[in-house]
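Per-entry structural report
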Amino acid sequence: MIETHGLSKNYRSCGALRALSLKVPEGSAFALVGANGAGKTTVIKILMNLIQATSGTARVFGVDSRQLSPQQFRRIGYVSENQELPGRLTVSGYLNYLRPFYPDWDVALEREILQRFKLPGDRKINELSHGMRVKMALTCALSYRPKLLVLDEPFSGLDSLVRDEFMAGLAEQAGDMTVLISSHDLSEVEGFATDVAFVESGRLLFQEPLEALTDRVQQIKVTVERQSALPRTTPDTWIDLHETGNVLTFVDTQFSEFDLGERIRSQIEGVRDIEVQPMSLRAIFTSISRATRHVQE
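Remember, it's a predicted structure, so these values are computed and weren't measured experimentally. (Residues numbered from 1 in each chain as written. Predicted model: local features only at pLDDT ≥ 70, side-chain atom pairs only at ≥ 80, totals over all residues. Heavy atoms only, no water.)

1. Some words on the sheet that holds strand β8 (residues 178-183)
Pairing is mixed across the open sheet formed by 6 strands, whose spatial order is β6-β7-β8-β3-β9-β10. Two strands lie at the open edges of the sheet, namely β6 (76-80) and β10 (203-209), each paired on one side alone. The average angle at which neighbouring strand axes cross in this sheet is 10°, direction not considered. In the sheet, strand β7 (residues 148-152) pairs with β8 via 5 bridges, with the strands oriented parallel. Residue pairing in the sheet places Val-150 in a bridge with Leu-180 of β8. The strands that helix α1 (residues 40-47) touches are β3 (29-33), β6, β7 and β8; relative to β8, the one it contacts most, it runs at about 145°. Seen against the sheet, helix α5 (residues 130-142) touches β6 and β7 and runs at an angle of roughly 170° to β6. (Pairing = 2+ DSSP bridges. Helix = DSSP H or I, 4+ residues; strand = E, 2+ residues; numbered from the N terminus. Axes fitted to C-alpha atoms, helices over the stretch in contact; angles between N-to-C directions. Contact = heavy atoms within 4.5 Å.)

Next up, the structure:
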């Protein structure tokens, strides 16, 4: 659905994107995650032809993003945290304005979403709360059943209840739609995403299906008989090591249950106990990001 190769964007001497290549599978819920300023919004703006890349290519629906036609944009829904809506129009007035632009607009679906989000049709947009305006933007994007829905930090400034309502409405209407969602808060996308890409300082650290990521990255806690038994060197796949007394805790980025005890005992003497703990998406990103910065330093 989306593909970039060597995508770079420079602002004077600052590299906002650095040779970023990624693929968004059709039908996926693809999370583009990273800290604020990592380059996520820059990627999305290039994909939507809002800005031009310095180098590299970006394709949407197999088409160069710089050549997207009005017909192709009619298949794309877009919601951004900084999206401006015409405040003087009412909710119903703005929907009436948009409807003729989209031949596939589903009036019944529009009414269903309005009811779900409890959006008052007679209320002016500038009288809505921030959360209601975000739900209004999502209503506008979903009502014509886009093939691709792009969400750029849609949860910024929303309270937990509105976020839950937003995600519930999105999940209910997802269907065969491909969703690209950017967020700096990993807990917001963990229960929704099927695929994830981590971006830091304009670089892609990695991308893969979420299930594969959480399977291969696990936290390991090893207790040994005596403190002196802890190793001086460890495999490169062991990151974020912490030593407390006779306990070594680390993250195994290539975890496998096969011969786990044997492999750990080949590195560490006097192993008394091995404990494997699953990690949240936030914990995985923090560990890998910390290790990457250490290597670059």
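2. A short note on the pattern of salt bridges
Under the defined criterion, the tally for this structure stands at 7 salt bridges. Of the charged contacts, one joins Asp-106 and Arg-145 as a salt bridge, the two residues approaching to 3.0 Å between their closest N and O atoms. Here Arg-145 lies in the loop between α5 and β7 and Asp-106 lies in the loop between α3 (91-98) and α4 (107-117), a separation of 39 residues in the sequence. Exposure remark for Arg-145: the relative accessible area of 47% places this residue in the partly exposed category. Note that Glu-208 and Arg-216 form a salt bridge whose closest N and O atoms lie 2.7 Å from each other. Comparing Glu-208 with Arg-216 shows no difference in burial state: the two are buried. (Salt bridge = Lys/Arg side-chain N within 4 Å of Asp/Glu carboxyl O. Buried < 20%, exposed > 50% of the residue type's maximum accessible area, 1.4 Å probe, protein only.)

3. Focus: the sheet that holds strand β13 (residues 247-252)
Hydrogen bonds between backbone groups are what pair the strands of a sheet, and the pairing can be parallel or antiparallel. Across the sheet, which stays open at both edges, the 4 strands sit in the order β12-β13-β11-β14 with antiparallel pairing between neighbours. In the strand order of this sheet, the two ends are held by β12 (238-244) and β14 (271-277), each with one partner. Averaged over all pairs of adjacent strands, the angle between strand axes in this sheet comes to 15°, irrespective of strand direction. In the sheet, β12 pairs with β13 via 5 bridges, with the strands oriented antiparallel. Bridge pairing in β13 places His-242 opposite Thr-249.

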